[in-house]
Number of protein chains: 2
Amino acid sequence: MSETRARLIETATDLFLGKGYGAVGTSQICSTAGVNKGTFYHFFPSKSALLIAAIEKYTKSFEDAFEQIAQSDAAAPEKLAALFEVPAAANRSWRKRNGFSQGCLLGNVIVELGTVDDAVRQASQKALRQWEKPIEPIIAEIAIFEGLHSLDTSKGARCVVSMIQGGLLLAKLNNDPGEISAMAPAALGALHTLSAKSKN
Amino acid sequence: MSETRARLIETATDLFLGKGYGAVGTSQICSTAGVNKGTFYHFFPSKSALLIAAIEKYTKSFEDAFEQIAQSDAAAPEKLAALFEVPAAANRSWRKRNGFSQGCLLGNVIVELGTVDDAVRQASQKALRQWEKPIEPIIAEIAIFEGLHSLDTSKGARCVVSMIQGGLLLAKLNNDPGEISAMAPAALGALHTLSAKSKN
DNA sequence: GGTGCAACTGACCGATCAGTCAATTTTTCC
DNA sequence: GGAAAAATTGACTGATCGGTCAGTTGCACC
């Protein structure tokens, strides 16, 4: 893959994280990446096509980190807590570089374009499902570890993703990555009562 | 307050919920509300000023609903679950009218303008804090009811708000208001382990 | 019935937006 | 070394954006 293309994706991801999709123009992406307008449209047919490429790369980096946690030899509850530290750490390092918390590219895009651009919505949907994939076996481990026999691992994984996204929203609002970490201890108990209720 | 002004706020709220802030132009707001451009700017100095007015009204309606739950005579855990049904019901009725789930005005705005327009960010921050206000006494009741002596009610309320926002995001993504209700049973357990961890 | 003010009109503005394109340079491969 | 392909250039376009403004209407109050 072209180096210029990769730089465009990287630059766009950073800008979209910082200011959102709509607030960043193609001209700004080009000038920041040190590339001309024509080159942009040589590699991508549209601004939203670049966004989708950015989503895919962003998703993969998180999926890999989750996968690594899933395959570590930590105890199941520790793995669960570690999941929250992935976006929390990303948030902290981004904050250090740019001076403020940025939220999540997927969350941003779902909110901003979820009901406007269907290709983007589908890409985001697929992306969040890919997050769930490495999380689900961790939930299954917890179900055994904590004796939650009736826990639906799919619902559990989705609940965890939802709590991570909630934390990311508060992190952006309050400019504090700690909001994400603060949700981590709550997740284990959430799975307990999620299991109890699904018995009905 | 003027009826025209109120109609502008109402129309804008609906459009912003549906397509986001950036994707809705002032011309569309005006034509939908049956008002001329000049009238718009007679009542509001800018598009973002209208947004802030919309945020305030939107926040108040949720705050009132939460307040009513807090002062009902239901058992504390039932109150907690009822909180999630407020946005879930709003989401369902909006979906029935417009054909798709819309998420939350506050969440939308935080994501889209949180790092761009500081006046809007502050208004959203204040708004979510107002949500926490009626939620906190419910958390306090639960702390007594469930014997969670070390539970920080402020942290608990924030956690619940975060879970609601997480559910709203998934509701928008998957076009399913049920995602919000699905988070409700998880909240009680979340408070349990939040309490356990804050002992440290 | 006239005066003053808020409500309202709609054509208009400069800026910016995503996207285009014909021309040029660089790379690739025989 | 030469031709084809890929990468790059940057001025340009039409559309749309938020916002302006000089002027008109309608209503309340004296």
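1. Thoughts on the pattern of salt bridges
Okay, step 1: Under the defined criterion, the tally for this structure stands at 18 salt bridges over all chains.
Okay, step 2: Of the charged contacts, one joins Arg158(A) and Glu132(A) as a salt bridge, the two residues approaching to 3.3 Å between their closest N and O atoms. Residue Arg158(A) is located in helix H8 (residues 153-174), and its partner Glu132(A) is located in helix H7 (residues 118-145); the two are separated by 26 residues in the primary sequence.
Okay, step 3: Residue Glu132(A) is classed as buried on the basis of its relative accessible area, which comes to 9%.
Okay, step 4: A salt bridge links Glu85(B) to Arg92(B), with the shortest nitrogen-to-oxygen separation between them at 2.8 Å.
Okay, step 5: Glu85(B) sits in the partly exposed class, given a relative accessible area of 31%.
Okay, step 6: Overall, Arg92(B) belongs to the partly exposed group, its relative accessible area being 38%.
Okay, step 7: It is possible to trace a salt-bridge network through shared partners that takes in Glu132(A), Arg158(A) and Glu179(B).

2. Things to note about empty space enclosed by the protein
Okay, step 1: Using the criterion set out here, one finds four cavities of 30 Å³ or more in the structure.
Okay, step 2: Quantified by volume, the largest cavity comes out at close to 190 Å³.
Okay, step 3: What lines the largest cavity is a set of 20 residues, and nearest its centre among them are Val111(A), Gln165(A), Leu169(A), Val111(B) and Leu169(B).
Okay, step 4: Here the residues of the lining of the largest cavity sort into eight nonpolar, ten polar and two charged.
Okay, step 5: Taken together, Gln125(A), Leu128(A), Arg129(A), Glu132(A), Arg158(A), Leu170(B), Leu173(B) and Asn174(B) form the lining of the second largest cavity.
Okay, step 6: In terms of residue count, H7(A) provides more of the lining of the second largest cavity than any other element does, four residues in total.
Okay, step 7: Residue composition of the lining of the second largest cavity, by class: three nonpolar, two polar and three charged.

3. With respect to the packing of helix H6 (residues 105-113) of chain A against helix H6 (residues 105-113) of chain B
Okay, step 1: Two elements in contact, H6(A) and H6(B), have axes separated by 9 Å at closest approach and are oriented at 115 degrees. The handedness of the crossing between H6(A) and H6(B) comes out as left-handed. Taking contact as the criterion, the partners of Gly107(A), Asn108(A), Val111(A) and Glu112(A) in H6(A) are, on H6(B), Gly107(B), Asn108(B), Val111(B) and Glu112(B).
Okay, step 2: Residue composition of the contact of H6(A) with H6(B), by class: two nonpolar, four polar and two charged.

4. Observations regarding the packing of aromatic side chains
Where two aromatic rings form a pair, the distance of their centres and the angle of their planes describe that pair.
Okay, step 1: Tallying each qualifying case throughout the model produces 16 aromatic pairs over all chains.
Okay, step 2: Centroid distance Trp94(B) to Phe100(B): 5.3 Å. Interplanar angle 80 degrees. Geometry classified as edge-to-face.
Okay, step 3: Judged by relative accessible area, which is 27%, Phe100(B) ranks as partly exposed.
Okay, step 4: Pairwise contacts between aromatic rings join Tyr58(A), Phe62(A), Phe66(A) and Trp131(A) into one cluster.
Okay, step 5: Looking at Lys47(A), its charged tip hangs above the ring of Tyr21(A), at a distance of 4.1 Å from the centre.

5. Quick notes on the confidence of the model for chain A
Okay, step 1: When pLDDT is averaged along chain A, the result is 95, and 98% of the positions lie at 70 or above.
Okay, step 2: Here helix H9 (residues 178-198) of chain A stands out as the least confident element of chain A, with mean pLDDT 91; helix H4 (residues 47-70) of chain A is the most confident, with 97.

What counts, and where the lines are drawn
For every chain, the first residue of the written sequence is number 1, and numbering continues from 1 along that sequence. Chain letters and ligand numbers both follow the written order, the letters beginning at A and the numbers at 1. Given that this is a predicted model, residues contribute local features only at a pLDDT of at least 70 and side-chain atom pairs are listed and counted only at 80 or more, while totals for whole chains, interfaces and linings are drawn from all residues. Computation of side-chain values covers all heavy atoms of the structure but excludes hydrogens and water. Throughout this description, the term salt bridge denotes a Lys or Arg side-chain nitrogen within 4 Å of a carboxyl oxygen of Asp or Glu. A run of DSSP states H or I qualifies as a helix once it reaches four residues; a run of E qualifies as a strand once it reaches two. Both are numbered from the N-terminal end. Throughout, exposure labels follow a simple rule: accessible area from a 1.4 Å probe, protein chains only, divided by the maximum for the residue type, with under 20% read as buried, over 50% as exposed, and the rest as partly exposed. For each structure, a 1 Å grid was placed over the protein atoms alone; sets of points admitting a 1.4 Å probe that cannot get out are labelled cavities, open sets with protein on both sides within 12 Å along at least five of seven lines are labelled pockets, and lining residues have an atom within 4 Å of a point. Grid points are joined across faces, edges and corners, and a volume is the space filled by probe spheres set on the points. Note on residue categories: nonpolar means Ala, Val, Leu, Ile, Met, Phe, Trp, Tyr, Cys or Pro, charged means Asp, Glu, Lys or Arg, and polar means any other residue, Gly included. Axis geometry follows a simple rule: fit a line to the C-alpha atoms, using only the stretch in contact for helices, then measure angles between N-to-C directions, giving values from 0 to 180 degrees. When the near helix sits turned anticlockwise from the far one by under a right angle, the crossing is termed left-handed; a clockwise turn instead gives a right-handed crossing. Residue contacts are counted whenever heavy atoms from the two residues lie within 4.5 Å of one another. Classification of ring pairs rests on two measures: the distance between centres of Phe, Tyr or Trp rings, Trp counted by its six-membered ring, which must be within 6.5 Å, and the angle between planes, read as stacked under 30 degrees, edge-to-face over 60 and tilted in between. To sit over a ring, a charge needs its Lys NZ or Arg CZ within 6 Å of the ring centre and within 35 degrees of the ring normal. pLDDT measures the predictor's confidence residue by residue and takes values from 0 up to 100.

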